Amino acid sequence: MSSVEAMSQVRGMVAEILGDDDSGHDMGHIDRVYAIGTRLAGNLSEPVDTETVSLGLLLHDVDDYKIVGREQAAELTNATEIMRSVGVDPETQVTVRGIIATMGYSKALRGVRPATLEGQIVSDADMCDAIGASGVVRALMYAVSDKGSGVVFDREVWPIVDITAEQYNGNGTSHTTDSFVNHFFEKLLKLKNMMLTEPGRQEAKVRHQYMVDFLHTYFKDENAPEWSAFLDDYLNREDG
Ligand code: ADP
Ligand code: NI
């Protein structure tokens, strides 16, 4: 089987698993992450293993705890079964499992980050799709889905700026300060500084600025100057 054929088979199996997910892990996310990651890999100054990167990009969410539950998430059952079924060699399977097991925002908050360049590209691509225009759309979709808080903006409830992994994941998927707007301060505006590759940093910079412009405009619409000032302080602090 050619690798193009294998990847299209892999994509098909991923689509079956993610099919009706509404927590931000639909196939739109996977296809965007695949496109971003492939582009970032091409902009690296060093070569990477393309098969490993492609498999990581396509399989990184098939064992997410929001989809399969916490126990199966740790086993990476879906990713393993898919790779086995298309005959990925065992060594590559181990590398890809290692990538999936070390990526994601809550793991990054605990200091766990992917060690290989292939993993760093996959992580950067996934985080890039969480920011910028697609990030705004995904956060809003999540907030109003049955997994989210249902709150878009509450000017009385301020975000936990230095959120810990425990607070972020406290009781499953949401916590006391959870809202669409607070999600920017508790996660999305921090991702720019969590990029691990140079092409990732470049891509994230542009996407980050788009979110900042969006929030300033939104706070003006909501007549919330105290939130605009809060955003400015927050940004000075993150970059200072
Ligand atoms: P990823 O696949 O990028 O690692 P997650 O599993 O953390 O992302 O979440 C899926 C999407 O939903 C992401 O775009 C994320 O930023 C968004 N999201 C997660 N939690 C919340 C929340 N509490 N409120 C709003 N959006 C959220
Ligand atoms: Ni993802």
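Rules behind the numbers
Here the residue numbers are simple positions, counted from 1 along each chain's written sequence. Here chains are named by letter from A upward and ligands by number from 1 upward, in the order in which they appear as written. Where local features are concerned, this predicted model is filtered to residues with pLDDT of at least 70; where side-chain atom pairs are given and counted, the filter is 80 or more; whole-chain, interface and lining totals use all residues. Hydrogens are left out, water is left out, and the side-chain values use all remaining heavy atoms of the structure. Secondary structure elements follow DSSP: runs of H or I no shorter than four residues count as helices, runs of E no shorter than two count as strands, and numbering proceeds from the N terminus. Classification of residues uses two cut-offs on accessible area relative to the type maximum, computed with a 1.4 Å probe and protein chains only: under 20% is buried, over 50% is exposed, and between them is partly exposed. By definition, residues are in contact when any of their heavy atoms lie within 4.5 Å. If a single non-hydrogen atom of a residue is within 4 Å of a molecule or strand, that residue counts as near it. Polar contacts here mean pairs of N or O atoms no more than 3.5 Å apart (in protein, one a potential hydrogen donor and the other a potential acceptor; neighbouring residues in sequence count only if both atoms are side-chain atoms). To be clear on the numbers: accessible area is Shrake-Rupley with a 1.4 Å probe, and residue cover counts the displayed protein chains and nothing else. Amino acids are sorted into nonpolar (Ala, Val, Leu, Ile, Met, Phe, Trp, Tyr, Cys and Pro), charged (Asp, Glu, Lys and Arg) and polar (every other residue, Gly among them). Nonpolar cores were defined as sets of buried Ala, Val, Leu, Ile, Met, Phe, Trp, Tyr and Cys residues, with membership established by side-chain atoms within 4.5 Å. Here a salt bridge means any side-chain nitrogen of Lys or Arg lying within 4 Å of a carboxyl oxygen belonging to Asp or Glu. Take the number of residues in a helix, subtract one, and multiply by 1.5 Å to get its expected span. Note on aromatic pairs: the rings of Phe, Tyr and Trp (six-membered ring only in Trp) are paired at centre separations within 6.5 Å, and the planes decide the class, stacked below 30 degrees, edge-to-face beyond 60, tilted for the rest.

Colleague: Tell me about the environment of Leu-40, residues and numbers included.
Modeller: Following the sequence through the fold, Leu-40 ends up in helix H2 (residues 27-42). By relative accessible area, which is 1% here, Leu-40 ends up buried. Distance in space between the C-alpha atoms of Leu-40 and Asp-124 is 8.5 Å, their sequence separation being 84 residues. Ignoring any residue separated from it by four or fewer positions in sequence, one finds Leu-40 in contact with Ile-121, Asp-124, Ala-125, Pro-199, Gly-200 and Glu-203.

Colleague: Break down the site of ligand 1 for me, citing the residues and quoting the values.
Modeller: Neighbouring ligand 1 are 15 residues, the closest being His-25, Lys-66, Asp-178, His-183 and Lys-187. Within the side chain of Arg-138, a nitrogen or oxygen atom sits 3.2 Å from an oxygen atom of ligand 1. Considering ligand 1 on its own, with 550 Å² of exposed area, one finds that the protein chains cover 94% of that surface. Broken down by element, the shell around ligand 1 gets its largest block of residues, three residues, from helix H10 (residues 132-144). When grouped by side-chain class, the residues that make up the shell around ligand 1 number four nonpolar, four polar and seven charged.

Colleague: I'd like to hear about the nonpolar core, residue by residue, with values.
Modeller: Counting residues in each nonpolar core, the largest one holds 47 residues, and the members touching the most others are Val-181, Phe-184, Phe-185, Leu-188, Leu-189, Leu-191 and Phe-219. Among the secondary structure elements, those contributing two or more residues to this core are H2, helix H3 (50-59), helix H8 (105-109), helix H9 (117-130), H10, helix H12 (180-186), helix H13 (198-221) and helix H14 (225-239). With seven residues, the single largest contributor to this core is H9. Contact partners of Leu-189, with chain neighbours within four places excluded, come to Phe-184, His-208, Met-211, Val-212, Leu-215, Leu-231, Tyr-234 and Glu-238. The next biggest cluster of nonpolar side chains, apart from the first, holds 18 residues, and it includes Met-7, Val-10, Leu-55 and Val-62.

Colleague: Describe the pattern of salt bridges, with residues and values.
Modeller: Across all of its chains, the model carries eleven salt bridges by this definition. Arg-138 is the partner of Asp-129 in a salt bridge, and the nearest nitrogen-oxygen pair spans 3.5 Å. Taking the relative accessible area as the measure of exposure, Asp-129 reaches 0% and is therefore buried. Looking at Arg-138, the relative accessible area reads 15%, which means it is buried.

Colleague: Quick rundown of H13? Include the residues and the values.
Modeller: Along an α-helix, residues three or four apart share an orientation, since each turn contains 3.6 residues. With 24 residues, H13 ought to run about 34 Å at 1.5 Å a step, and its terminal C-alpha atoms sit 35 Å apart, in line with that. If you check which residues of H13 are buried, you get Pro-199, Gly-200, Glu-203, Ala-204, Arg-207, His-208, Met-211, Val-212, Leu-215, Tyr-218 and Phe-219. Turning to H13, the residues buried within the fold contact H2, H9, H10, H12 and H14. At the N-terminal end of H13, a side-chain oxygen is found 3.0 Å from the backbone nitrogen of Gly-200, two or three residues along, and the residue is Thr-197. Asn-223, located one to two residues past H13, shows a positive phi value of around 50°.

Colleague: Outline the packing of aromatic side chains, listing residues and values.
Modeller: Here the distance between the centres and the angle between the planes together describe a pair of aromatic rings. Applying the stated rule across the entire model yields 16 aromatic pairs. Here the aromatic rings of Phe-185 and Trp-227 are separated by 6.0 Å at their centres, their planes lie at 55°, and the arrangement is tilted. Of this pair, Phe-185 sits in helix H12 while Trp-227 sits in helix H14, and the two are 42 residues apart along the sequence. Here Phe-185 and Trp-227 have matching classes, each one buried. Ring centres of Phe-219 and Trp-227 lie 5.7 Å apart, and the angle between their planes is 45°; this geometry places the pair in the tilted category. In terms of burial, Phe-219 and Trp-227 fall into one category: buried. Following the ring pairs from residue to residue traces out a cluster consisting of Phe-153, Trp-158, Phe-180, Phe-184, Phe-185, Phe-214, Tyr-218, Phe-219, Trp-227, Phe-230 and Tyr-234.

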